[in-house]
Amino acid sequence: MERILLNKANYLVEKFGYDVTIITTDQSNKKTFFKLSDKIKLVDLNINYNQYQKHSRIVRYFKFIRLKRKHYKKLRYLLEKEKYDIVISLMTHDIGFLYKIKDGSKKILEFHFSRESEIIDTKQFLYKFLLKIRQIFLKQKIRKYDRFVVLTNEDKDAWSPMDNISVIPNFVSFSDNRQDEISKLENKRIIAVGSLVHQKGFDLLLEAWQTINKKYPDYKLVIFGGGDSTALNKLINKYNMERTVEIKPPTNYIREEYLKSSLLVLSSRHEGFGLVIVEAMCCGLPIIAFKCPCGPKDIVKENFGILVNRENIIELGRAIERYILLSEVERKQLGHHAYQESLKYRINNIMPLWNELFQEIIADN
């Protein structure tokens, strides 16, 4: 989210000439991880929502209420003072009060997850029920905004019917590959990318990999992601897959890793969009992914990828084997189609959609 936000802000000031301010609550004088244009203003409200994390849940709750009140007052003062034309929220702590601030600006919500994400991650039936009730009230708040932007048509359908909803997908951060710079698809190396958390489903991928490990021991699976790899390493050891599976930390040179690979597998239980799919497509990689909400069904097409039923380990293993058995010509065709489809997700094609949205809501008085 941070990378997309900063790249979007950079584009707005450099290409479209917008005056952009980024307002944060917990930046605490830390520098941004990604490069930011000097033309962009940074304002931190110094709320520090995480300052009471070590307190009890009851204490955190009452402190949180107090901090939200402080947040509202500081944000209202800033918006009324600066008189921005458009204010965009990434749907965190301000969703419940931003629309109440009558500063004359148009208010937009930008959602980087999917409606089902939180519910899918919840195991307890009662908590699932409470989340669904919460979403009913959340939807009522969303209707009060001038526009609600989601990443996929699938997620739009999940929130519908809503009159103020729009779909603008994410763009890929590196999309300048030429056709002659994509992967040659010659290495027997399959890549997966994402945090080592339950959502990403790497445990499912490793279960599916058992067949590949036994039948095609010359193929290697490389997983790039940060987090605790203990449980995944236990699975690797359990199935004696130490020679064919490697878990590596995140890298700033992920494009080079895609280019050294021949296939991307996305085994997520859910996604907000699935940006790694588009990144891999930019490098000419075919895709195998679960039909999870939301993203893969919007992005992956039959001429370069395979969509597998959610969390179906047997189907996932068969899909990987099906790819392995393709001829070189067939693989190259898949890679070509993947690259061609990725062009629509270049920043120069996505950012005009934001510009059109801004112009539309400003004109809608």
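See the structure printed just above.
Draft legend 1. Here's a closer look at the environment of K344. Here K344 shows up in the loop between α12 (328-342) and α13 (347-363). Here K344 falls in the partly exposed class, since its relative accessible area comes to 42%. When the C-alpha positions of K344 and E279 are compared, they lie 12 Å apart, and in sequence the two are 65 residues distant. K344 has contacts with N349 and I350, leaving out every residue within four places of it along the chain. A distance of 2.9 Å separates polar atoms of two side chains, one belonging to K344 and the other to E341.

Draft legend 2. Just the state of the cysteines, in detail. Enumeration according to the criterion identifies zero disulfides in this entry. Of all cysteine sulfurs in the structure, the one in C282 sits closest to C283, which takes part in no disulfide; the separation is 6.5 Å. Note on C283: relative accessible area 0%, which makes it buried. C294 provides the cysteine sulfur closest to C292, a residue in no disulfide bond, and the two sulfurs are 8.0 Å apart.

Draft legend 3. The arrangement of a positive patch on the surface in detail. Together, K100, K102, K141 and K144 give the surface a local cluster of positive charge. In this structure, K141 sits in helix α4 (residues 125-142).

Draft legend 4. Region of the structure containing the side chain of Q135. Along the chain, Q135 falls in helix α4. By relative accessible area, which is 9% here, Q135 ends up buried. Within the local environment of Q135, its side chain forms a polar contact with the side chain of R115, the two groups lying 2.7 Å apart. The residues touching Q135, leaving out its near neighbours within four places in the chain, are R115 and I119.

Draft legend 5. Expanded view of the pattern of salt bridges. The tally for this structure, following the rule as stated, stands at 18 salt bridges. Between E110 and K8 there is a salt bridge whose closest N-O contact spans 2.5 Å. In this pair, E110 is assigned in strand β4 (residues 106-110) and K8 in helix α1 (residues 2-14), connecting sequence segments 102 residues apart. Of the residues examined, K8 reaches a relative accessible area of 6% and is grouped as buried. A salt bridge links E257 to K260, with the shortest nitrogen-to-oxygen separation between them at 3.5 Å. A residue is classified by how much of its surface remains accessible, and K260, at 39% relative accessible area, is partly exposed. Residues joined in a network through salt bridges with shared partners are R189, E257 and K260.

Draft legend 6. Broad picture of the nonpolar core. Counting residues in hydrophobic clusters, the biggest one holds 83 residues, and the most contacted among them are Y258, I288 and I320. Ignoring any residue separated from it by four or fewer positions in sequence, one finds I320 in contact with I190, L205, W209, I212, V265 and I288. By size, the runner-up hydrophobic cluster in this structure holds 26 residues, among which are Y49, F111, F148 and M162.

Draft legend 7. Highlighting helix α7 (residues 230-238). Looking at α7, one finds that the buried residues are L232, L235 and I236. One side of α7 carries all its buried residues, which in axial view fall inside an arc of 100°. Every exposed residue of α7 that faces more than 90 degrees away from the buried side is listed here: A231, K234 and K238. Where α7 is buried, its residues contact α6 (202-215) and β9 (245-248). One or two positions beyond α7, positive phi appears at N240, with a value near 55°.

Draft legend 8. The arrangement of unusual backbone geometry in detail. Note that the residue after S160, namely P161, is joined by a cis bond; omega there is 0°. The topology assignment puts P161 in the loop between α5 (153-159) and β6 (165-167). Even without a glycine there, the phi angle at S28 is positive, about 50°. Looking at where S28 falls in the secondary structure, it is placed in the loop between β1 (21-24) and β2 (41-44). Here S28 falls in the partly exposed class, since its relative accessible area comes to 37%. The backbone of N240 sits at a positive phi, close to 55°, despite the residue not being glycine. The topology assignment puts N240 in the loop between α7 and β9.

Cut-offs and rules
- Residues numbered from 1 in each chain as written.
- Predicted model: local features only at pLDDT ≥ 70, side-chain atom pairs only at ≥ 80, totals over all residues.
- Heavy atoms only, no water.
- Helix = DSSP H or I, 4+ residues; strand = E, 2+ residues; numbered from the N terminus.
- Buried < 20%, exposed > 50% of the residue type's maximum accessible area, 1.4 Å probe, protein only.
- Contact = heavy atoms within 4.5 Å.
- Polar contact = N/O pair within 3.5 Å; in protein donor to acceptor, adjacent residues only side chain to side chain.
- Disulfide = S-S within 2.5 Å.
- Patch = residues over 30% accessible without salt bridge, like charges linked within 9 Å, V, L, I, M, F, W, Y side chains within 5 Å.
- Areas by Shrake-Rupley, 256 points an atom, 1.4 Å probe, with all protein chains shown as cover.
- Salt bridge = Lys/Arg side-chain N within 4 Å of Asp/Glu carboxyl O.
- Lys, Arg positive; Asp, Glu negative; His and termini not counted.
- Charge placed at Lys NZ, Arg CZ, Asp CG, Glu CD.
- Core = buried A, V, L, I, M, F, W, Y, C linked by side-chain atoms within 4.5 Å.
- Arc of directions from axis to C-beta.

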